[in-house]
Structures are given as C-alpha cells and as structure tokens.
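# Chain and residue survey
One-letter residues, chain by chain:
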Amino acid sequence: MKWEKLKPPEPDDPICCCECDVYQYRCCCDCEDLDEALHRWLKEKPAPRGLQSPVLGAMIDNLELSMVPALLLLPLLLRVASLHYLLGIVVLTALPGLVLWYYYATHRRKRRTLFFLALALYSLAYMYYLFLTEVWPRGGVGPLQVGAVTTGMILTLVSLVLTKRGPGFVDASLREAHGHGTGAAGDATCQSGPAAGKETLTEKRSVCPVCRIRRPPRAGHCRTCGSCVQRLDHHCVWINSCVGQANHRSFLQTLCVFVLTSVYGISLVLRSLCPQQHLMTALFYCPGVYSQSSTALCFTCCWYSSIITAGLLHLLLSQVLNISFNVTEREAQLALRNKTGRSRLWGLVVDTGEHSRGLYQNWVEFLTMAEASASLRPDLPDVV
C-alpha cells in the first residue's frame, strides 16, 4: 500500500487516515486522536465485510462520545436551576466552569474538536424547542413573531454553514503567486548596505517557520489547524474553524444575526411570562414565575440565553472595533506581545497603526476584500 503525503510530517508522526489512498478510510476524519488508533487498525485489521457501510463506520469512529454526557446533562442542569431562584444563580454561575472543566478533562490531547460546536447547536435547538412547545401555546406570541424567530434561526444556520466553508488556507497557487520574489530576495542577500538588510528581513518575515512556505501579507499560521490562513484573525473553537479572509464577513454576519435573534426571542419570552413587568426588570424579578415548572424552566432558559448572548455581544463588539481600526485579533496579540500597539477604548481594541486608513476606508476594505482563492485542504476536512 502506498501513502500520499499531503503535508510534510513530523519525524515521529503516525500515518494519518487522511493521507491514506484508500478512499473509504479518508471520509469524515478529524485527525488528531484517531491517527494512532487508525494507523494500527489499517495495518492489523482488514476492511470489514458485511452490512455496515464504510462511510457509517468512519462516522462512528469519528464520533466524540465524550461530548454525549455534556449534551445530556445540559437540560438536566437547567431543570435543576429552575427549581429555585437562588439555585438558578448558583447553577448558571458554575455552568461555564463545569463546561471548561469537563472539556479539559476529556479533550486534553485533542486540538480540533466538535465539542463546543455541538454544544452551541444543541443549546440553540433546545431553546427553540422550548419556545415552540412552552412559550407559544401560552399566548401573547403571534405567528408573525414565531416566523421572525424561525427566520432568524435559519439565517443563523445558513451564515454558520457559509462560515464553515473555510477561512482561506494558503495553497500551492498562492505560494507561487507570492513566491516570485525568491530570486530577488536571493540577490538582495548578496548586496551590501542597510537597504539590503531591511529587504532580507522583510522576506524572512513572509516565510512561515512551521509550513516553510512563502505566504501573502497578513497571513498567519494556526497551530490548531496546522496550516497558514490568509488574513488570519483567530481560531474559533465554537465553530471548529479559523476565521480568515474567506469567512470573516460570514462570521461577523453569523454573530449579528444570532445576537439579534436571541435578544428578540428573550424579549418575547419575558413578555409572555411577565406581561406586567418591564423587560429589564422581568429578567431579574418576575412574580409567580416559579409557581409552575414550565414557566420556571422558560425563565431559567432566558437567563442561560442572556449569558450566552452577552458573551457573543462582547465578541461582536470587539470584532467591530478591530475592523474599524483594520487590525486582526492575531495582529493585536502580536502587537501587545511586542509592545508595538496601543490599547484604545478601555482595552477593547489594540491600535497598531500599521494598516489603518481611516474608519470609512477600513470598512470598505473589509466589506470588499476579495474572496480567498485558496480552498479547503484535503487533509483538513470539516466533519460538519
């Protein structure tokens, strides 16, 4: 059996199932923890013969069983939190810490994971289910309002799918397009003077020390994905993908649509549960809401949704500020590390002053930046 190497392996790396030329073993692979087991399985165990299809077998092997208890415990914890006002505060305050503790306890060696994406989608589906089964039958919510929430849900999922199409990895064509200056760089090293030294330093900065490739300006290497991404902003664990030039706009769109839909849905639930209270007052004090288990559960889910929405609203605000200053999250972190940037607006944004051309031009550049020509590499498939 011959093996096709899609990327330069480390000396002690096991053979990855993505690198196998047998197609049935390459589908639905998320790499990492499966590499060693699948490498041993391919060498020692023959292909199964029977009713089970290869695709189904690969999906079963790739399933992260460790995230199933977390998905099952989430509705249980929400119901426990709905038993009493103080109990709800304790459970919802400890819930983020419990999620992180469970993640680090079960995913220590895993780099790319579906844990957070599955948790986010499951929470979204569960909140929508309660909205249709508990809030809508109570009255006070009309078909148009339900249609608006449903439309927001669909637009959020569509935007998420567009974001998951890939951040724009640096591929061979981009390496060639930005690698024509190799000869000029080699000539510059033979020259003398400060200009030649400065040009050589610039050329060195454009070469990834991990991938050993010449990459375009503002591209960065993602340690989680193991590849260089055009205009890398950050790696988002909630979507199990990088945010780069090809999907940054759709990522911002996903945040905007979700935050608007969530705020609107929370307001509808509070108006249905506490029609006599103001929205902000009803979120903290709603008389009689704990008299029934269904209303208490819906009220607790409003708290849960508010916590998630507040976190995503902060992320959305930081993204908008970064775009306004034409700086990526990666560039901001590097500027803070190298002490070359200034914190602005109470530390919400780092102004590097390197790419900013004014508020209007920065947004025009972001909204009209060309789609990345690089497509998803075959050795980094997305399971969802």
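Summarised in this report is the structure supplied together with it. Fair warning: this is a prediction, and the values are worked out from it, not measured in the lab.

## Brief notes about the overall build of the protein chain
What the protein chain contains, in helices and strands, is 14 helices and six strands. Counting all 384 residues of the protein chain, 43% fall into the buried class. The long-range share in the protein chain, meaning contacts at least 24 apart out of those at least 6 apart in sequence, stands at 64%. Accessible surface for the protein chain amounts to roughly 21,600 Å². Of this, 63% is attributable to carbon and sulfur atoms.

## A few points about the packing of aromatic side chains
Under the definition given, this model contains eleven aromatic pairs. Measuring from ring centre to ring centre gives 4.7 Å for Tyr103 and Phe116, while their planes differ by 50°; the resulting arrangement is tilted. Residue Tyr103 is located in helix α4 (residues 85-106), and its partner Phe116 is located in helix α5 (residues 115-135); the two are separated by 13 residues in the primary sequence. In this pair, the class of Tyr103 matches that of Phe116, namely buried.

## Focus on helix α10 (residues 248-273)
Look at α10: 38 Å from first C-alpha to last across 26 residues, which is about the 38 Å you get at 1.5 Å a residue. The buried count for α10 comes to 19 of 26 residues, which makes it a mostly enclosed element.

## Comments concerning the nonpolar core
Residues Leu78 and Phe131 are the most contacted members of the largest nonpolar core, which totals 31 residues. Broken down by secondary-structure element, the contributors of at least two residues to this core are α3 (68-81), α4, α5, α6 (143-163), α10, α11 (279-284) and α12 (293-324). The element best represented in this core is α12, accounting for seven residues. In contact with Leu78, not counting residues within four places along its chain, are Leu92, Tyr126, Met127, Leu297, Thr300, Cys301 and Tyr304.

## Let's talk about the packing of α5 against α6
Put simply, α5 and α6 touch, their axes get as near as 11 Å, and they point 170° apart. With respect to α6, the element α5 is oriented roughly antiparallel. The way α5 lies across α6 gives a crossing that is left-handed. Note on element contacts: α6 touches α5 through Val146, Val149, Thr150, Met153, Leu157 and Leu160, opposite Leu117, Leu121, Leu124, Tyr128, Phe131 and Leu132. Partitioned by chemical class, the residues of the contact of α5 with α6 number eleven nonpolar, one polar and no charged.

## Considering unusual backbone geometry
In this structure, Asn326 is a non-glycine residue whose phi angle is positive, near 55°. Positionally, Asn326 belongs in the loop between α12 and α13 (329-338). Taking the relative accessible area as the measure of exposure, Asn326 reaches 1% and is therefore buried. Positive phi, close to 60°, is recorded for Lys339, a residue that is not glycine. Inspection of the secondary structure puts Lys339 in the loop between α13 and β5 (342-344).

## Considering the packing of α3 against α5
When two helices pack together, their arrangement is captured by the angle between the axes and the distance separating the axes. Contact geometry for α3 and α5: axes closest at 10 Å, N-to-C directions at 45°. Comparing the axis directions of α3 and α5 gives the class oblique. Crossing of α3 against α5: the hand is right-handed. Facing Ala70, Leu71, Leu74, Pro75, Leu78 and Arg79 of α3, the residues of α5 in contact are Phe115, Ala118, Leu119, Tyr122, Ser123, Tyr126 and Met127. Residue composition of the contact of α3 with α5, by class: eleven nonpolar, one polar and one charged.

## Here we look at the side chain of Ser241
Relative to the elements of secondary structure, Ser241 occurs in strand β4 (residues 241-243). Those residues in contact with Ser241, other than ones at most four positions away along the chain, are Lys164, Pro167, His235, Cys236 and Asn247.

## A word on the state of the cysteines
Per the stated rule, a full pass over the model turns up one disulfide. Cys274 shares a disulfide with Cys286; S-S distance 1.4 Å. One disulfide, between Cys274 and Cys286, carries an S-S torsion of -110° and so falls in the left-handed class. A residue pair is termed long-range when its members are at least 10 positions apart, and Cys274 in the loop between α10 and α11 and Cys286 in the loop between α11 and α12 qualify at twelve residues. The two residues Cys274 and Cys286 agree in class, both being buried. This cysteine, Cys228, is not joined by any disulfide, and Cys208 carries the nearest cysteine sulfur, 3.4 Å off. Residue class for Cys228 comes out buried when judged on its relative accessible area of 2%.

The rules we used
- Residues numbered from 1 in each chain as written.
- Predicted model: local features only at pLDDT ≥ 70, side-chain atom pairs only at ≥ 80, totals over all residues.
- Heavy atoms only, no water.
- Helix = DSSP H or I, 4+ residues; strand = E, 2+ residues; numbered from the N terminus.
- Buried < 20%, exposed > 50% of the residue type's maximum accessible area, 1.4 Å probe, protein only.
- Contact = heavy atoms within 4.5 Å.
- Areas by Shrake-Rupley, 256 points an atom, 1.4 Å probe, with all protein chains shown as cover.
- Phe/Tyr/Trp six-rings, centres within 6.5 Å; stacked < 30°, edge-to-face > 60°.
- Expected span 1.5 Å × (residues − 1).
- Core = buried A, V, L, I, M, F, W, Y, C linked by side-chain atoms within 4.5 Å.
- Axes fitted to C-alpha atoms, helices over the stretch in contact; angles between N-to-C directions.
- Parallel < 35°, antiparallel > 145°, perpendicular 65-115°, else oblique.
- Left-handed = near helix turned anticlockwise from the far one by under 90°.
- Nonpolar A, V, L, I, M, F, W, Y, C, P; charged D, E, K, R; others polar.
- Disulfide = S-S within 2.5 Å.

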